[in-house]
Amino acid sequence: MSTELVAERLLSAAGDTDPDRAARLLFQAFVALSRTADSHQMLPLVARAREARDTSRSARTELIYRTLVGIVATRARRADGPEQLDTAVRIFDGNAFGDDPVLVECALTAVMTLMRPHEARRFAPLVDALDLAPVDRARMLAMIGVGDAWAGNLVRGQAELREAARMAELAGSLDVQAEATSWLAKCDALRGDLDLAAVHLDQARELAARVGSAWVARHLPECTAALAFARGDLDAWAGLLELVVATDTGVTAGLQHEHRWELATHHALAGRPEVAAGLLGGVDDPPPSWPGGPALPAWRAWILDPDSPATTGALAATLDDLTRPAEQLLTARIAWLLGAHHGRAGRRGEAARLLEQACAGYARTGAAGMLALVLRDLRLLGGPPATGPSTVGPVRVAGPAAPGAAPTFTNRVALSALTGAEARVAAAIADGLSNREAAQRLFVSVKTIEFHLGNIFRKLGVRNRTELAARQARTG
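Remember, predicted model here, so these are calculated numbers, not experimental data.

Cut-offs used in this document
- Per chain, the residues get numbers from 1 upward, laid out in the order the sequence is written.
- Totals for whole chains, interfaces and linings use all residues, but because this is a predicted model, local features are given only for residues with pLDDT of at least 70 and pairs of side-chain atoms are given and counted only at 80 or more.
- In computing side-chain properties, one takes all heavy atoms of the structure into account and sets aside hydrogens as well as water.
- Buried residues are those whose accessible area, probed at 1.4 Å on protein chains only, stays under 20% of the maximum for their type, while exposed residues exceed 50% and partly exposed ones sit between those limits.
- Going along the chain from the N terminus, every DSSP run of H or I of four or more residues is numbered as a helix, and every run of E of two or more is numbered as a strand.
- Comment: arc refers to directions from the helix axis out to C-beta atoms.
- Pairing of aromatic rings covers Phe, Tyr and Trp, the last counted by its six-membered ring, and requires centre-to-centre distances within 6.5 Å; plane angles under 30 degrees mean stacked, over 60 mean edge-to-face, and any other angle means tilted.
- Remark: a charge is flagged as sitting over a ring if the NZ atom of Lys or the CZ atom of Arg is within 6 Å of the ring centre and within 35 degrees of the ring normal.
- Whenever Lys or Arg places a side-chain nitrogen within 4 Å of a carboxyl oxygen from Asp or Glu, that contact is recorded as a salt bridge.
- Distance and chemistry together define a polar contact, namely a pair of N or O atoms within 3.5 Å, with one atom able to donate a hydrogen and the other to accept it when in protein, and with adjacent residues in sequence counting only for side-chain atoms on both sides.
- Given the number of residues in a helix, its expected span is that number minus one, multiplied by 1.5 Å.
- Helix axes are fitted to C-alpha atoms over the stretch in contact, other axes to C-alpha atoms as well, and angles between N-to-C directions run from 0 to 180 degrees.
- Just so you know how the angles are binned, under 35 degrees is roughly parallel, over 145 roughly antiparallel, 65 to 115 roughly perpendicular, and the rest oblique.
- Two helices cross in a left-handed way if the nearer one is turned anticlockwise from the farther one by less than a right angle. They cross in a right-handed way if the turn is clockwise.
- In what follows, a contact means two residues having at least one pair of non-hydrogen atoms within 4.5 Å.
- Charged means Asp, Glu, Lys or Arg here, nonpolar means Ala, Val, Leu, Ile, Met, Phe, Trp, Tyr, Cys or Pro, and polar covers whatever is left, Gly included.
- Think of pLDDT as the predictor's per-residue confidence, scored from 0 to 100.

Draft legend 1. Quick peek at helix H23 (residues 435–442). Buried within H23 we find Asn435, Ala438 and Ala439. Down the axis of H23, the buried set is contained in an arc of 100°. They therefore lie on one face. Looking at H23, the residues exposed on the side facing more than 90 degrees away from the buried face are Arg436 and Gln440.

The following block contains the structure:
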């Protein structure tokens, strides 16, 4: 049954019952619609919840009303959203509501919308103890998984999102499966599971299309951008960030500033300061209470003048201010940006210190994919200072060297960009095997070989199998 039909039945039932039960049915209708409808479509729910609250005046109905109005206001960018949600959380914490599935989900949704993902973990024991339908358990587990990943525990978050997607599939809930799978794809990318991330992205797109999920569709470009970055494809990453910034993707997670600042950094370090300034112009810094808020003003100043010792030092100083769980990945990212910038300028001591700090941050959060990229910049400190245009993050892969040329550091870096699966496919193709023969050797499908070959050709800058074999021969 479609989510709209489920919501319609719940809304119809809410009109023929007492105010407290009506409020519960209204929240369940919101849950049914939340992954397929936009915020303006939720306004009638809020109006009916207000009527129920005004009639009942019970703490339970007040909690439901405050949650609904706060979520809808936040999605619609109204300033009163956080205050309403804070009130909802206080009501939950001040009462013994932990045995009520509807109220537990209200409070869990409220803390996530408030961008306090580390608090989602405290709801896990409550969810475990509740007697829930599989789809309800999958939905709440997905929120807890996102919270854990966002708060810097990618290992646990990835496992929980996998389980949530599996449970949603078994329950036949395509909308919950789509949401869990989309966030799982981003988590996979950060963790370095790039092939899985690509598979999960395709699954999330198909699932979102099958249910018409506006909510999931809105966030898919952000997840796709994470995979492009983890693959080292900066051109695709920058293009996707243009889309993400234009559509304000990530607004509910507080990431819209980070996305814009990242894109501005990319242009600034690539020698396009006017583009960077245009992206930041007229955009206010978030308040310090925002995740990353203490660092973003200094990051802005550095983007506008990245070669200034003053702006560089000021941005580095903010790393000590990023102490909240949701800021761990940002802390590692800023350390990486500064370390790579020092390295390009030949300041190897500062570069090594900051890059090691980034490595430690990514290792601590389980972001193995990001760690692998930082390690390349750390290894580059052993070579001569870089020249030419700066880049942000992953090393760009140079075109193929001239036939017969000796192995170069760039060649070796390019090959290190391949995942384990890609390296095995590259070796098989370089041995002269056809796609079918390579598939038989590696116990995978021919389509998998074709998928990996596309990535290999792009990463190594080669055009065909002959050039791939020559590249493999030169680099050993």
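After that view of the structure, there is still more to cover.
Draft legend 2. A look at the packing of aromatic side chains. Across all of its chains, the model carries 5 aromatic pairs by this definition. A centroid spacing of 6.1 Å and a plane angle of 90° characterise the contact between Trp336 and Tyr362, whose relative ring orientation is edge-to-face. In this pair, Trp336 is assigned in helix H18 (residues 328–344) and Tyr362 in helix H19 (residues 348–365), connecting sequence segments 26 residues apart. Tyr362 shares its class with Trp336; the two are buried. Among the aromatic residues, ring-to-ring pairing joins Phe229, Trp237, Trp336 and Tyr362 into one connected group. A cation over an aromatic ring shows up here: Arg333 above the ring of Trp336, its NZ or CZ 4.7 Å from the ring centre.

Draft legend 3. A look at the pattern of salt bridges. Overall, the coordinates contain 27 salt bridges when judged by the stated rule. Asp93 is the salt-bridge partner of Arg122, the closest N and O atoms lying 3.0 Å from each other. Separated by 29 residues along the polypeptide, Arg122 in the loop between helix H6 (101–113) and helix H7 (124–129) and Asp93 in helix H5 (residues 81–93) bring together distant segments of the chain. Take Arg122: its relative accessible area is 36%, and that puts it in the partly exposed class. Judged by its relative accessible area of 47%, Asp93 falls in the partly exposed class. Residue Glu105 pairs with Arg139 through a salt bridge whose shortest N-O separation is 2.5 Å. Taken together, the positions of Glu105 in helix H6 and Arg139 in helix H8 (residues 134–150) put the pair 34 residues apart, joining distant regions of the chain. A single burial state applies to Glu105 and to Arg139, both of which are buried.

Draft legend 4. Structural view of the side chain of Ser308. On the secondary structure map, Ser308 appears in the loop between helix H16 (296–304) and helix H17 (309–317). Side-chain polar atoms of Ser308 contact the backbone nitrogen of Ala310, separated by 3.2 Å.

Draft legend 5. Representation of helix H14 (residues 256–269). The end-to-end C-alpha separation of H14 is 20 Å, in line with the 20 Å expected for 14 residues at 1.5 Å each. With 14 of 14 residues buried, H14 lies mostly within the body of the structure. Gly271 sits one or two residues past H14 and shows a positive phi near 85°.

Draft legend 6. Region of interest: unusual backbone geometry. Even without being glycine, Arg57 reaches a positive phi, approximately 65°. Tracing the backbone shows Arg57 in the loop between helix H3 (43–56) and helix H4 (59–75). Of note in the backbone geometry, Met115 takes a positive phi value of approximately 60° without being a glycine. Considering the arrangement of structural elements, one finds Met115 in the loop between H6 and H7.

Draft legend 7. Representation of the packing of helix H2 (residues 19–33) against H4 in the model. At a minimum axis distance of 9 Å, the contact between H2 and H4 shows a crossing angle of 30°. When the interaxial angle is binned, H2 and H4 end up roughly parallel. Judged by the twist between their axes, the crossing of H2 over H4 is left-handed. In contact with Pro19, Asp20, Ala23, Arg24, Phe27 and Phe30 of H2, H4 contributes Thr61, Ile64, Thr67, Leu68 and Ile71. Grouping the amino acids of the contact of H2 with H4 by side-chain chemistry returns 7 nonpolar, 2 polar and 2 charged.

Draft legend 8. Inspection of the environment of Gly292 at higher detail. Relative to the elements of secondary structure, Gly292 occurs in the loop between helix H15 (273–280) and H16. Judged by its relative accessible area of 0%, Gly292 falls in the buried class. For Gly292 and Glu258, which are 34 residues apart along the polypeptide, the C-alpha to C-alpha distance reads 8.2 Å.

Draft legend 9. Just the confidence of the model for the protein chain, in detail. Taken over all residues, the pLDDT of the protein chain has a mean of 85, while the share at 70 or more is 88%. Here helix H21 (residues 409–416) stands out as the element of the protein chain with the lowest mean pLDDT, 42, in contrast to H16, whose mean of 97 is the highest. In the predicted structure, residues 384–392 sits below a pLDDT of 50 and forms 21 contacts with residues beyond four places in sequence or in another chain.

Draft legend 10. Representation of the environment of Asn95 within the structure. Within the secondary structure, Asn95 sits in the loop between H5 and H6. Asn95 sits in the partly exposed class, given a relative accessible area of 34%. Counting along the chain gives 36 residues from Asn95 to Ala59, while the straight-line C-alpha distance between them is 8.4 Å. Separated by 2.7 Å, the side chain of Asn95 and the backbone oxygen of Ile91 make a polar contact.

Draft legend 11. Quick peek at the side chain of Glu62. Within the secondary structure layout, Glu62 lies in helix H4. When its relative accessible area of 14% is taken as the criterion, Glu62 is described as buried. Within the structure, the side chain of Glu62 is placed 2.7 Å from the side chain of Arg66, a separation counted as a polar contact. For Glu62, the residues in contact, after removing those within four places along its chain, are Arg53 and Ile91.

Draft legend 12. Just the packing of helix H22 (residues 420–430) against H23, in detail. For the pair H22 and H23, the least separation of the axes is 10 Å and the interaxial angle reads 130°. It follows that H22 is oblique to H23 by the angle criterion. Remark: the crossing between H22 and H23 carries right-handed chirality. For the pair H22 and H23, contact is made by Arg424, Val425, Ala428 and Ile429 and by Asn435, Ala438, Arg441 and Leu442, respectively. Considering only residue class, the contact of H22 with H23 consists of 5 nonpolar, 1 polar and 2 charged.

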